[in-house]
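# Report on the structure
As a plain string of letters, each chain reads:
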Amino acid sequence: MPQARSIVIHGHFYQPPRENPWLDAVEVQDSAAPFHDWNERVTAECYAPNTAARRVDDVNRVLDIVDNYERISFNVGPTLLAWLARHREDVYTRILAADRASVLARGHGNAIAQVYNHMILPLASRRDKVTQVAWGLADFRARFGREPAGLWLPETAVDTETLEVLAEAGVGFTILAPHQAHRTRPLAGGDWQEPAGGIDPSRAYRWHGRAGQSLVVFFYDGPVSRAIAFGNALERAEHLVGALTGAFSDARDWPQLVSAATDGESYGHHRRFGEMALAEALHRIERDGLATLTNYAAFLAAHPPAHEVEIHEATSWSCAHGVERWRADCGCRVRGDLHQRWRGPLREALDWLRDQADAFYEGRAAARLKEPWDARGAYAEVVLDPGRWPGWLARHGRGAGDDAGRVETRRLLELQRHRMLMYTSCGWFFDEISGLEPVQILKYAAMVLQLMRDLGGGDLEPEMVRRLAAAPSNVPADADGAGVWRRLVRPGVVDLRRVIAHYAMTGLVEPQPDEARVYAYRVRRLDETRATYGGTTARVGHVRVTSDLTGETRESELAAVHFGGHDLACGTRPFEDGGRYERLKADLLERFGRHRVAEMVRGLDEHFSREIFSVTDLFLDERRRLLDRVTQSALETHEEIFRHVWQESRDLVRYLRAVDAPIPEVLKITARHVLERRIVAELGAAEGDAIPATVFELAEEGRDLGLTLDLFPGREAMRRTVRRALARVAEAPAPDRVAPAVALVEGARRLGVPFGVWAAQTELFELWRARPDARPALAPLASALGFALEAEAPR
């Protein structure tokens, strides 16, 4: 009798923590352009598309929009989920909803947990293993609202102690690569066998620990997973269907599982339109009854393991040498022309810092916390919801304590959080120590050093830098890890003085409320006086700044001057009672009143001991915005010249075009610049749900002159206009509102301005499903947005 055939496709969706440790925000990353940063880019290319994947016909008309997360097994890294919750709540809520839908459909959720910040557990201490697992489970419970049945190991890196920690934490199963299995035998008894052709991944296996611990291990199908990640399985849906169904065997007389596991980013980021191939493949498997789509927990409930397994120690899915990729120049790399001799010294330096930090934490925290290491394990509660800090401290702290004691306790725990973040696996995965990921983990190390220094643990930075000098860089200018530290890490270190200076300088070029936020800091204005003369503005103030991360509070005096353009200067120092601040204010404002810039600069130097901040000390995003504003202001002074040249030469250019004579390049450049700027400005000024007629006239003029206009800068304005039009349609999906929306979409396409077709399609599809009565009126808009109405969808 034929046995059941099941398919589980698992996506490991993950981004490393990218936040600036001091600001708790991801700063602009130029390599992710045109997006702000890599989280934003991969979300647009993968995480969002998988919540609304298109199934299309042969001419790319949309047949259906489906949520892939509802039909595949997946884990989403806690650090990525935290970013999505803050910056892409729409994607975040859809992922959670997909898991709830899978529980209703299958009795078991598709989502499983993940080790917190992707630490390679075989290289971690047992204490870190326990905390990383505990934090990953706590994060899952808080977000998904249920217990996770399984947990994903970073890089599937595993050893016996790791599995024991998982089992002791109540984890039901994990997923490994087939080459990580050592030997198997039936649970009913028999001899251990080392499978010559590799382990059979079509069933679940029971693993037993040294002290009686137990959990289930699934091994993914290697050839199928490689075809998805590195082969052609995602080029077309039929390739993926063929790879999955071809892994079944008629020779097996048990319920078979074909399990594929890859980075979730394969579906859209690594492989463009991979989410569409996945969506269509899932549809065909279900439609044609080729197998049952399920998840690991549901399969396990229906088919408990009948065999047990032992694993190879210290192995992973992405290093042929075990786990050497995260501590040695083993040969595993992205490019073949760079060495990785820096990996070992980098880990050794961080291990040294870990040992120093742990000894310091244990000694200092013992006076503040009932059990320091148990408290660290429970600190995930505060990381997830800082508002729980008072209650958490009441349970884990030694007595009420004063404000200073509470701040010290929080600093100690943040020291440990950043100490763990500095072991994020991506810091070693790629090829060069000066890359984004190694620099990121070194910034976490810098935060640990700063916290230890502030808490009285001494200045360990010189020794850290000395150890990093043993890590050779591929970049001659850096030479080694010490050079990377000096160039890319140390300049980014933030203290409260810099936060206040940032606040003071930005407040001279943009409005600020009495209670302002500077990333992870709150700044309260207690007093301020401003003065302006000509193009120069000065402010002198008294503020209170509070850190969200540690609760530390400080009052400071500040003085800042904006001399115009990008020329800013600021001084700051701790506030002192006794009239010092009033004397500062009186002196600087009196100097400013003399209308002599040199006097004000001299005053800043005298009062702030020549420790003056400038525009280079602004945090990166605000620095870029200020300089962009200055640049645009400078360009505006030349705009009139461009417009004048174009008006003067316009008739000549038309005549040259009419008689088929070449147009001088300088006139082409001028015409293109003026027309592009005018069109983008017109789009930005539009307030209704239509494209101004002037835009089409200008675009037509450009075409008549044989110019190709770049209207990409108008994309955000066009998206806003389309959103307004769709909002009006959603309010009342009637022909008189649909017709302008259709004209808008067709006009945007004619102009070649991106208008957010993916978001528009998704919004219309949801309206189509919610309002079947309005479908006749919506049909023209659905057609304009590329839906195949005469086929299956939108439905």
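What comes next concerns the included structure. (Residues numbered from 1 in each chain as written. Predicted model: local features only at pLDDT ≥ 70, side-chain atom pairs only at ≥ 80, totals over all residues. Heavy atoms only, no water.)

What follows concerns the overall build of the protein. Each helix and strand counted, the protein has 28 helices and 18 strands in total. For 795 residues, the compact-globule estimate of 2.2 N^0.38 gives 28 Å, and the protein sits close to it at 30 Å. Here the protein, with 795 residues, has 54% of them falling under the buried criterion. Considering only residue pairs separated by 6 or more positions, the protein has 69% of its internal contacts joining residues 24 or more positions apart. Carbon together with sulfur atoms contributes 51% to the accessible area of the protein, which is approximately 33400 Å² in total. (Helix = DSSP H or I, 4+ residues; strand = E, 2+ residues; numbered from the N terminus. Rg over C-alpha atoms; globule rule 2.2 N^0.38 Å. Buried < 20%, exposed > 50% of the residue type's maximum accessible area, 1.4 Å probe, protein only. Contact = heavy atoms within 4.5 Å. Areas by Shrake-Rupley, 256 points an atom, 1.4 Å probe, with all protein chains shown as cover.)

The subject of this paragraph is the pattern of salt bridges. Scanning the model with the defined rule gives 76 salt bridges in all. Residues E308 and R185 are paired through a salt bridge, measuring 2.7 Å at the closest nitrogen-oxygen approach. Pair noted here: E308 is in strand β13 (residues 307–311) and R185 is in strand β8 (residues 181–186), with a separation of 123 residues, a long-range link. For E308, a relative accessible area of 9% gives the class buried. A salt bridge links E515 to R524; the shortest N-O distance between them is 3.6 Å. (Salt bridge = Lys/Arg side-chain N within 4 Å of Asp/Glu carboxyl O.)

Along the chain, the position of S225 falls in helix α6 (residues 222–229). Each C-alpha atom, one on S225 and one on G507, is 53 Å from the other, the two residues being 282 residues apart in sequence. Beyond its immediate stretch of four places on either side in the chain, S225 contacts Y220, S259, A260, A261 and T262. A distance of 3.0 Å separates a polar atom in the side chain of S225 from the backbone nitrogen of A261. (Polar contact = N/O pair within 3.5 Å; in protein donor to acceptor, adjacent residues only side chain to side chain.)

Bringing the sheet that holds β13 into the picture now. Ordered by their spatial adjacency, 5 strands build an open sheet running β7-β10-β9-β13-β8, and the pairing between neighbours is mixed. The open sheet has two edge strands with one neighbour each: β7 (173–176) and β8. Looking at each pair of strands side by side, their axes are set apart by 40 degrees on average, direction ignored. On top of the sheet, helix α5 (residues 160–168) reaches β7, β9 (205–208), β10 (214–219) and β13; it is set at about 115 degrees to β10, its chief contact. (Pairing = 2+ DSSP bridges. Axes fitted to C-alpha atoms, helices over the stretch in contact; angles between N-to-C directions.)

This brings us to the sheet that holds strand β17 (residues 553–564). One open sheet accounts for 5 strands, arranged β14-β15-β16-β17-β18; its pairing is antiparallel. In this open sheet, the two strands that pair with only one neighbour each are β14 (515–518) and β18 (567–574). Across the sheet, the axes of successive neighbouring strands diverge by a mean angle of 30 degrees, strand direction being ignored. Note that strand β16 (residues 536–547) and β17 share 10 bridges and pair antiparallel. Looking across to β17, one finds that R544 is bridged to E555. Helix-sheet contacts for helix α20 (residues 580–593) involve β15 (521–533), β16, β17 and β18, and the interaxial angle to β16 is about 155 degrees.

Right, let's talk about the state of the cysteines for a bit. Taken as a whole and judged by the stated rule, the model has 0 disulfides. Note on C330: no disulfide assigned, nearest cysteine sulfur contributed by C332 at a separation of 3.8 Å. With no disulfide of its own, C426 has C319 as its nearest cysteine by sulfur position, at a separation of 15 Å. (Disulfide = S-S within 2.5 Å.)

What follows deals with unusual backbone geometry. Excluding glycine, residues mostly carry a negative phi; peptide bonds, for their part, are mostly trans. The residue after A33, namely P34, is reached through a cis peptide bond having omega 10 degrees. Here P34 shows up in the loop between β1 (5–13) and α1 (38–47). Phi at A479 is positive, roughly 70 degrees, even though this residue is not glycine. Looking at the element boundaries, A479 is found in the loop between α17 (461–468) and α18 (481–489). Look at A479 and you get partly exposed, because its relative accessible area is 45%.

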